[in-house]
Amino acid sequence: MIGGGPAGAVAAIRLARAGARVLLVEREAAPREKVCGEFLGPDAAGIMASLGLPLPALGAVPIREGRLASGRHDAAWALPFPAWSLPRAVLDEALLLAAADAGATVLRGRAVAAAAREAGCWSVRLSDGTVLRAPAVVLATGKHELRGHARRVPRGSVGLKLPLRLSAPLDAAVLLLPFAGGYAGLQPRAGGGANLCAAIHPGLSGAGAEARDGAALLARVSAGSALAAALLRGAGPLAGRPLAVAGIPYGFRHRDGAEAEPGLYRVGDQFAVVPSLAGDGIAMALAGGAAAAEAILAGQDPRAFHLGLERQLDRPMRWAGLIAGLMGAAPGALARIARAVPAVARLAAARTRLPGPAPRAA
Ligand SMILES: Cc1cc2nc3c(=O)[nH]c(=O)nc-3n(C[C@H](O)[C@H](O)[C@H](O)COP(=O)(O)OP(=O)(O)OC[C@H]3O[C@@H](n4cnc5c(N)ncnc54)[C@H](O)[C@@H]3O)c2cc1C
């Protein structure tokens, strides 16, 4: 497993519980924040519960309502499914500990520098020079490319995250807050405060200021709607400057060409990148990791695995793309429709979830 986010960790848990020899390499030595809205729907919750890690037991706070505001328009609707908010440092750490408990060797604080196929086997070189060999590799490096196996993607968006202290507590709602040049999500955070997360289109002039300075980000989001301005008035960052990641290729989907790599299974953001806050990237990563473990145990080749995962993720990818596109092109009209017919907002939210029942317990 290269990468210990949700995708890599779930693959490691499932493989180790089935008795396979598993090594997971995660470049961060300790739990840390990631750029993420931290919204988790029933599909993510179902997979976590199937692993023996129910979200409420990890301290997740429930989210019951969706809200969309643009200019002076503001719509609210009851979510058609249960949802939660949980800091990524908590979620990712719980998964890595479960992988180690299941018997996987978890190497933290060392990165994979290169991976190459040699004599029918993968040869993986770590940042400290150690070379490991494995019959199969799960590529789960998320937003980060592994040299020689990078996704072929155009210029991407900038993702920002800023945990906040608000002057008044938020309801149990996830708020979608479009603004000129992007959109943000705001929801309560387990442990207090709120999580503000934004996706800024590439090429937006001055986008660097928002990444360097929390006040600039708050001003940009506040300018998008009266609701954002009211909620963010008096807000202060819980950390210093926003956490930032550049080049997020929203809409990317991996497709094997003639050069498909034998024994290399792509999962999570390395397989597909769903538009943030419109879809549920964590659920897709968890589902992909679980499916990769099953494919490896069944001896399914990566090309067939990738085709199956593509089918599973197609509907949420298309609906999230549509919602994110409308938030960019006509946010005011979208808020008016959601206010007049909340059933439309509920239907769209339901369509962004992974199809099918929650996976069975491992
Ligand atoms: C702005 C924004 C908001 C979002 N909001 C939400 C949301 O509210 N809900 C939701 O479900 N999804 C959200 N997402 C998407 C979600 O964050 C991702 O889809 C999810 O984290 C993908 O999981 P992953 O396991 O593929 O990758 P990651 O979570 O990125 O994990 C990859 C891991 O690999 C490690 N790594 C990288 N390179 C190496 C290497 N060479 N060697 C070893 N380790 C390596 C990294 O340290 C990292 O821990 C959001 C994304 C963005 C950008």
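Residues numbered from 1 in each chain as written. Predicted model: local features only at pLDDT ≥ 70, side-chain atom pairs only at ≥ 80, totals over all residues. Heavy atoms only, no water.

In the annotation of an unreviewed UniProt entry, the protein is listed under the name NAD(P)/FAD-dependent oxidoreductase and assigned to Muricoccus vinaceus.

Chemist: Would you mind showing me how to read the overall build of the protein here?
Modeler: A tally of regular secondary structure across the protein gives 10 helices and 16 strands. For 362 residues, the compact-globule estimate of 2.2 N^0.38 gives 21 Å, and the protein sits close to it at 20 Å. Once the C-alpha set of the protein is aligned to its principal axes, its extents read approximately 65 × 40 × 40 Å. The proportion of buried residues among the 362 residues of the protein is 52%. In the protein, the share of contacts with a sequence separation of at least 24, taken over all contacts with a separation of at least 6, comes to 72%. Carbon together with sulfur atoms contributes 57% to the accessible area of the protein, which is approximately 14900 Å² in total. On the protein, the mean spot of the 40 positive side-chain charges and the mean spot of the 25 negative ones are 3 Å from each other. (Helix = DSSP H or I, 4+ residues; strand = E, 2+ residues; numbered from the N terminus. Rg over C-alpha atoms; globule rule 2.2 N^0.38 Å. Buried < 20%, exposed > 50% of the residue type's maximum accessible area, 1.4 Å probe, protein only. Contact = heavy atoms within 4.5 Å. Areas by Shrake-Rupley, 256 points an atom, 1.4 Å probe, with all protein chains shown as cover. Lys, Arg positive; Asp, Glu negative; His and termini not counted. Charge placed at Lys NZ, Arg CZ, Asp CG, Glu CD.)

Chemist: Explanation requested: the packing of helix α8 (residues 302–329) against helix α10 (residues 342–351) in the structure shown.
Modeler: A pair of packed helices is characterised by two quantities: the angle between their axes and the separation of those axes. Running from amino to carboxyl end, α8 crosses α10 at an angle of 135 degrees, the nearest separation of the two axes being 8 Å. The angle between α8 and α10 places the two elements in the oblique class. Between α8 and α10, the residues in contact are Arg 315, Pro 316, Trp 319 and Ile 323 and Ala 348, Ala 350 and Arg 351, respectively. Split into classes, the residues belonging to the contact of α8 with α10 amount to five nonpolar, no polar and two charged. (Axes fitted to C-alpha atoms, helices over the stretch in contact; angles between N-to-C directions. Parallel < 35°, antiparallel > 145°, perpendicular 65-115°, else oblique. Nonpolar A, V, L, I, M, F, W, Y, C, P; charged D, E, K, R; others polar.)

Chemist: Can you help me understand the side chain of His 73 in this one?
Modeler: Mapped onto the elements of the fold, His 73 is located in strand β4 (residues 73–85). One polar contact links His 73 to Arg 336, side chain to side chain, over a distance of 3.2 Å. (Polar contact = N/O pair within 3.5 Å; in protein donor to acceptor, adjacent residues only side chain to side chain.)

Chemist: Looking at this structure, how should I read the pattern of salt bridges?
Modeler: As a working rule, side chains carrying opposite charge can pair if their charged atoms are close by. Enumeration over the complete set of coordinates arrives at 22 salt bridges. Salt-bridge contacts for Glu 145 lead to Arg 151; the nearest nitrogen and oxygen are separated by 2.8 Å. Overall, the relative accessible area of 35% leaves Glu 145 in the partly exposed class. Exposure remark for Arg 151: the relative accessible area of 7% places this residue in the buried category. Between Asp 280 and Arg 353 there is a salt bridge whose closest N-O contact spans 2.7 Å. In this pair, Asp 280 is assigned in the loop between β16 (264–266) and α7 (281–298) and Arg 353 in the segment after α10, connecting sequence segments 73 residues apart. Looking at Asp 280, the relative accessible area reads 3%, which means it is buried. Of the residues examined, Arg 353 reaches a relative accessible area of 8% and is grouped as buried. (Salt bridge = Lys/Arg side-chain N within 4 Å of Asp/Glu carboxyl O.)

Chemist: Whenever I open this one, the site of the ligand confuses me. Can you help?
Modeler: Among the 34 residues in the neighbourhood of the ligand, the closest are listed as Glu 26, Gly 37, Arg 88, Asp 269 and Asp 280. In this structure, an oxygen atom belonging to the ligand sits 3.1 Å away from a main-chain N or O atom of Gly 281. Protein contact buries 97% of the 1000 Å² of open area that the ligand shows by itself. Of all the secondary-structure elements, those providing two or more residues to the shell around the ligand are α1 (6–17), β1 (23–26), β13 (194–200) and α7. (Near = heavy atom within 4 Å.)

Chemist: What is the right way to look at the pairing of β13 in this model?
Modeler: Taken across its seven residues, β13 has seven buried, putting it largely inside the fold. By the alternation rule, side chains of β13 split into Ala 194, Leu 196, Ala 198 and Ile 200 and Asn 195, Cys 197 and Ala 199, which are all buried. Two strands pair when backbone bridges link them, and strand β10 (residues 157–165) and β13 are joined in this way by seven bridges, in the antiparallel orientation. Its bridge partner being in β13, Val 158 is matched across the sheet by Ile 200. (Pairing = 2+ DSSP bridges.)

Chemist: Teacher, can you tell me more about the packing of α1 against helix α3 (residues 88–101) here?
Modeler: At a closest axis distance of 8 Å, the pairing of α1 and α3 adopts a crossing angle of 25 degrees. When the interaxial angle is binned, α1 and α3 end up roughly parallel. Handedness of the α1/α3 crossing: left-handed. Contact residues: Pro 6, Ala 9, Val 10, Ala 12 and Ile 13 in α1; Arg 88, Leu 91, Asp 92, Leu 95, Leu 96, Ala 98 and Ala 99 in α3. Residue composition of the contact of α1 with α3, by class: 10 nonpolar, no polar and two charged. (Left-handed = near helix turned anticlockwise from the far one by under 90°.)

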